[in-house]
Amino acid sequence: MNQITVSACPACGASAGQTKSVHCPQCRLPFAFVDLFAGPKAIAYQQKQIQAVRTRRFKTLQDQYSDGLSFMLADRCALRLNKKTHTLNVYLADGQTESIENVLQYSRSRKHTLILHTDGTVEARGSNDCGQCVVADLRDILLVLAGPNVSYCVNRNGGVIVRGDGRFRDDVERWSNIHRLASGDHHLVGLRMDGQVNFTGSISAPKVFRSTCNWKNITAVAAASDYALALDRDGRVYFAGYPDDERRAAAEWENIAVIAAEEVYAVALTKNGRVLLAGEGAYLDRGRSEAAQWNNVVAIAAAGGGIGGIAENGSLYLCGDSFAPAANRRNISQRWMVEQP
């Protein structure tokens, strides 16, 4: 077969060059239509194939990041976890990168960090003011969450072990079948394997969070400051917080693939790759609203005073005061692209 010259795949953008194959090595789009057919029907057919491949690839990428574990943000850094090699790469504002091996999950609060290793053990770094870093004895852990002065560790039975600030200990250690956790400043949300939600908290509870008991078929939860979000399997968003909270507008969103929460905005990613924000940022915005201008986004994260997104082509978007000045964004994004998996 004669070689076919295709500089880049028109569907996924992969570099093709000289190849004996008539298919893209990455997405399998047939190159043959480019050289062998020139009629309008063939061209139209090829365009449909290209769109179909792009749609499938886009959904695959969104699904890959939808668990919130592969892409994360913290103060002045972005993190990427390769779930195949279990390598966590931390991209810092000064352009440096830290790599940590044998990582199953990572969670970071303002004062401490938890690293869940592939053998089910937990490593803690940072402040131990309330005993939140006393986790070295734990085994068979499947999920960790670093909250304000507290560490939550979910074991293989779906039970939650609390180390550090024990305000919620009596409630939380009675929970079972927990699949995900999210923490605000004064509350904790637990997603059960049956799609229902547990909540415990202080100050605003139970008045503000009474509605959570009615949430069903939930696939993801997020929380920050004094509110919480949930996403159901149909792509609808639920909000729990004060009645006059501007972020309550998130409850009107539909067709959502991923949710995230930070102090200023409730954040969501639609299934077609747009970023939605709910909240009254005003002087607290500090560049965060830039995220609403992003398109073709396959992943979002929000934490540490910023919002981040991954574009379909793998490039990294960052905004918010955590990534100011612009040099911080540039250093992180450039290093991110250099070390694309």
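Our subject is the structure that appears above.
Note that the coordinates shown come from a computational prediction; the quantities given were computed from them, not determined experimentally.

Cut-off values and rules
Residues numbered from 1 in each chain as written. Predicted model: local features only at pLDDT ≥ 70, side-chain atom pairs only at ≥ 80, totals over all residues. Heavy atoms only, no water. Helix = DSSP H or I, 4+ residues; strand = E, 2+ residues; numbered from the N terminus. Buried < 20%, exposed > 50% of the residue type's maximum accessible area, 1.4 Å probe, protein only. Areas by Shrake-Rupley, 256 points an atom, 1.4 Å probe, with all protein chains shown as cover. Pairing = 2+ DSSP bridges. Axes fitted to C-alpha atoms, helices over the stretch in contact; angles between N-to-C directions. Phe/Tyr/Trp six-rings, centres within 6.5 Å; stacked < 30°, edge-to-face > 60°. Lys NZ or Arg CZ within 6 Å of the ring centre and 35° of its normal. Expected span 1.5 Å × (residues − 1). Arc of directions from axis to C-beta. Contact = heavy atoms within 4.5 Å. Salt bridge = Lys/Arg side-chain N within 4 Å of Asp/Glu carboxyl O.

**Digging into the overall build of the protein chain**
Here is step 1 of the chain: For the protein chain, the helix and strand inventory stands at 4 helices and 24 strands.
Here is step 2 of the chain: Counting across all 341 residues of the protein chain, residues that qualify as buried make up 50%.
Here is step 3 of the chain: As displayed, the protein chain offers around 16400 Å² of accessible surface, 47% of which is attributable to carbon and sulfur atoms.

**A short note on the sheet that holds strand 21 (residues 275-278)**
Here is step 1 of the chain: Read across the sheet, 3 strands follow the order 19-20-21 without closing on themselves; strand pairing throughout is antiparallel. The strands lining the two open edges of the sheet, one partner per strand, are strand 19 (256-261) and strand 21. The mean inter-strand angle of the sheet, taken between neighbouring strand axes irrespective of direction, is 20°.
Here is step 2 of the chain: Where strand 19 and strand 20 (residues 266-270) come together, 5 bridges link them in antiparallel fashion. Looking across to strand 20, one finds that isoleucine 256 is bridged to threonine 270.

**Structural notes on the packing of aromatic side chains**
Here is step 1 of the chain: For the structure shown, the criterion picks out 5 aromatic pairs.
Here is step 2 of the chain: Here phenylalanine 71 and tryptophan 336 contribute two aromatic rings whose centre-to-centre distance is 5.6 Å and whose plane-to-plane angle is 75°, an arrangement assigned as edge-to-face. Separated by 265 residues along the polypeptide, phenylalanine 71 in strand 3 (residues 71-74) and tryptophan 336 in helix 4 (residues 326-338) bring together distant segments of the chain.
Here is step 3 of the chain: When the centroid spacing of 5.2 Å and the interplanar angle of 55° are considered together, the rings of tyrosine 91 and tryptophan 336 count as tilted. Here the residue tyrosine 91 occupies a position in strand 5 (residues 87-92), and tryptophan 336 occupies one in helix 4, the gap between them amounting to 245 residues. Note on accessibility: tyrosine 91 and tryptophan 336 belong to one class, buried.
Here is step 4 of the chain: By the ring-pair criterion, three or more aromatic residues cluster together here, those being Phe71, Tyr91 and Trp336.
Here is step 5 of the chain: For the cation-ring pair, arginine 80 lies above tryptophan 336, with the distance from its terminal atom to the ring centre recorded as 3.7 Å.

**Observations concerning helix 4**
Here is step 1 of the chain: With 13 residues, helix 4 extends 18 Å from end C-alpha to end C-alpha; this agrees with the ideal 18 Å at 1.5 Å per step.
Here is step 2 of the chain: Taken together, the buried positions of helix 4 are occupied by Asn328, Ile332, Ser333 and Trp336. In an axial view of helix 4, the angular spread of the buried residues amounts to 115°, which keeps them on one side of the axis. For helix 4, exposure combined with an orientation more than 90 degrees from the buried face picks out Ala326 and Val338.
Here is step 3 of the chain: Close packing links the buried residues of helix 4 with strand 3, strand 4 (77-82), strand 5, strand 23 (306-311) and strand 24 (316-319).

**Comments concerning the environment of leucine 138**
Here is step 1 of the chain: Tracing the backbone shows leucine 138 in the loop between strand 9 (122-126) and strand 10 (141-147).
Here is step 2 of the chain: Here the alpha-carbon distance between leucine 138 and cysteine 153, two residues 15 residues apart in the chain, equals 8.5 Å.
Here is step 3 of the chain: When residues no more than four places from it in sequence are discounted, the contact partners of leucine 138 are Gly120, Thr121, Val122, Cys153, Ile161 and Arg163.

**Brief notes about the pattern of salt bridges**
Once their charged atoms are close, side chains differing in charge can pair, the charge on each being opposite to the other.
Here is step 1 of the chain: In total, this model carries 23 salt bridges according to the counting rule given.
Here is step 2 of the chain: Two residues, lysine 83 and aspartate 67, come together in a salt bridge whose shortest N-O distance is 2.8 Å. With lysine 83 in the loop between strand 4 and strand 5 and aspartate 67 in the loop between helix 2 (40-65) and strand 3, the pair connects residues that are 16 residues apart, well separated along the chain.
Here is step 3 of the chain: Of the charged contacts, one joins glutamate 123 and arginine 125 as a salt bridge, the two residues approaching to 3.0 Å between their closest N and O atoms.
Here is step 4 of the chain: On the basis of relative accessible area, glutamate 123 is assigned to the partly exposed category, the value being 27%.
Here is step 5 of the chain: The class for arginine 125 is partly exposed, based on a relative accessible area of 34%.
Here is step 6 of the chain: Ionic contacts of the salt-bridge type, sharing partners, join the residues Glu262, Arg286, Arg288 and Asp321 into one network.

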